[in-house]
Amino acid sequence: MNSTVIHYLEKFMVFSGAQFHMLVNHLPVIGFLGMVLALVVAVKVRSMDFMRFVLLATIVVGLSALAPYLTGEPAEEVIEHLPSVSKDLIYDREELAEKATAILVITAVAGGVVFFLQRRRPETLSKSIPVVLLLSLITAVAMGAAARESGKIRHPEINPTARASGGASDGTSNDKD
């Protein structure tokens, strides 16, 4: 299914797998920064309706991580053989992104559990929101770290090793072996 979606995007929307990945991989990063802010407001305001809305938004932002997860491999296929792209950086980024996505899924599930639990026991809502806030903060940091690693692959301005070597972070290119 993944390749079918990418094929459709490439054929009809003039997006390559890498371009679509670049488009959607910002959603969970920016989304969880927004969730942290919204959850802080929810803790301060203590509006039950606002807390419920933020929990639903946490689930939606969590689901937004599916798109970058599913488009990561096609994006890797586009850039892995380009000169000055380090396979080690791609691997490190992929590992970190998988861990960040797992943390994100845990946070989204926690938001969903709290949302459905509070429907039967509304008093649990105000006690559970700080837990979801903490998980969202951890998620935002993990997603930010994964985004930073992504930037190192093709942005030498944030990768001191690449600037010094004039290319890949390990000083080598990835010409065909």
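Residues numbered from 1 in each chain as written. Predicted model: local features only at pLDDT ≥ 70, side-chain atom pairs only at ≥ 80, totals over all residues. Heavy atoms only, no water.

For the protein chain, the count of helices and strands is eight helices and zero strands. Along its sequence from the N terminus, the protein chain presents helices and strands in the succession α-α-α-α-α-α-α-α. The burial tally for the protein chain puts 41% of its 177 residues in the buried class. Long-range contacts, defined as pairs at least 24 residues apart, comprise 75% of the intrachain contacts of the protein chain with a sequence gap of at least 6. With the model as given, the accessible surface of the protein chain reaches about 10,300 Å², and the carbon-plus-sulfur share is 66%. (Helix = DSSP H or I, 4+ residues; strand = E, 2+ residues; numbered from the N terminus. Buried < 20%, exposed > 50% of the residue type's maximum accessible area, 1.4 Å probe, protein only. Contact = heavy atoms within 4.5 Å. Areas by Shrake-Rupley, 256 points an atom, 1.4 Å probe, with all protein chains shown as cover.)

Approximately 750 Å³ is the volume found for the largest pocket. What lines the largest pocket is a set of 29 residues, and nearest its centre among them are H21, N25, G72, R93 and S150. Taken together, the elements giving at least two residues each to the lining of the largest pocket come down to α2 (17-24), α3 (26-45), α5 (66-79), α6 (87-120) and α7 (124-154). Considered class by class, the residues forming the lining of the largest pocket number 15 nonpolar, eight polar and six charged. (1 Å grid on protein atoms, 1.4 Å probe; cavity = no way out; pocket = protein on both sides within 12 Å on 5 of 7 lines; lining within 4 Å. Points joined across faces, edges and corners; volume = space filled by probe spheres on them. Nonpolar A, V, L, I, M, F, W, Y, C, P; charged D, E, K, R; others polar.)

Moving on, we get to the pattern of salt bridges. Tallied over the entire structure, the rule returns three salt bridges. Measuring nitrogen to oxygen at the nearest pair gives 3.4 Å for the salt bridge that ties R52 to D49. Taken together, the residues R52 and D49, both in helix α4 (residues 48-63) and three residues apart, mark about one turn of the helix. On the accessibility criterion, R52 (24% relative accessible area) is partly exposed. Given a relative accessible area of 59%, D49 falls into the exposed group. (Salt bridge = Lys/Arg side-chain N within 4 Å of Asp/Glu carboxyl O.)

As for its placement among the helices and strands, V41 is situated in helix α3. Spatially, the C-alpha atoms of V41 and V54 are 9.6 Å apart, while their sequence positions differ by 13 residues. With near-sequence residues (within four places) excluded, V41 lies in contact with R46 and F50.

Glancing now at a nonpolar patch on the surface. Taken together, the side chains of L63, L66, Y69 and L70 define a hydrophobic patch exposed on the protein surface, amounting to about 420 Å² of accessible area. No other element matches the three residues that α5 contributes to the nonpolar patch. (Patch = residues over 30% accessible without salt bridge, like charges linked within 9 Å, V, L, I, M, F, W, Y side chains within 5 Å.)

Orientation of α4 relative to α7, taken along the N-to-C sense of each, is 35°, at an axis distance of 11 Å. The handedness of the crossing between α4 and α7 comes out as left-handed. Every residue of α7 that contacts α4 at M48, M51, R52, L55 and T58 is listed here: L125, S126, I129, V132 and S136. A breakdown of the residues in the contact of α4 with α7 according to their chemical character gives six nonpolar, three polar and one charged. (Axes fitted to C-alpha atoms, helices over the stretch in contact; angles between N-to-C directions. Left-handed = near helix turned anticlockwise from the far one by under 90°.)

A few words on the side chain of T71. Positionally, T71 belongs in helix α5. From its side chain, T71 meets the backbone oxygen of A67 in a polar contact 2.9 Å long. (Polar contact = N/O pair within 3.5 Å; in protein donor to acceptor, adjacent residues only side chain to side chain.)

On to α4, then. End to end, α4 covers 23 Å across 16 residues, agreeing with the expected 22 Å (1.5 Å per residue, within 8%). Tucked into the core, α4 has its buried residues touching α3, α5, α6 and α7. (Expected span 1.5 Å × (residues − 1).)

On to the nonpolar core, then. Counting 26 residues, the largest nonpolar core has F32, M35, L39, V54, L55, L125 and I129 as the members making the most contacts within it. The element best represented in this core is α7, accounting for eight residues. Other than its neighbours up to four places away in sequence, M35 contacts V54, A57, T58 and V61. (Core = buried A, V, L, I, M, F, W, Y, C linked by side-chain atoms within 4.5 Å.)

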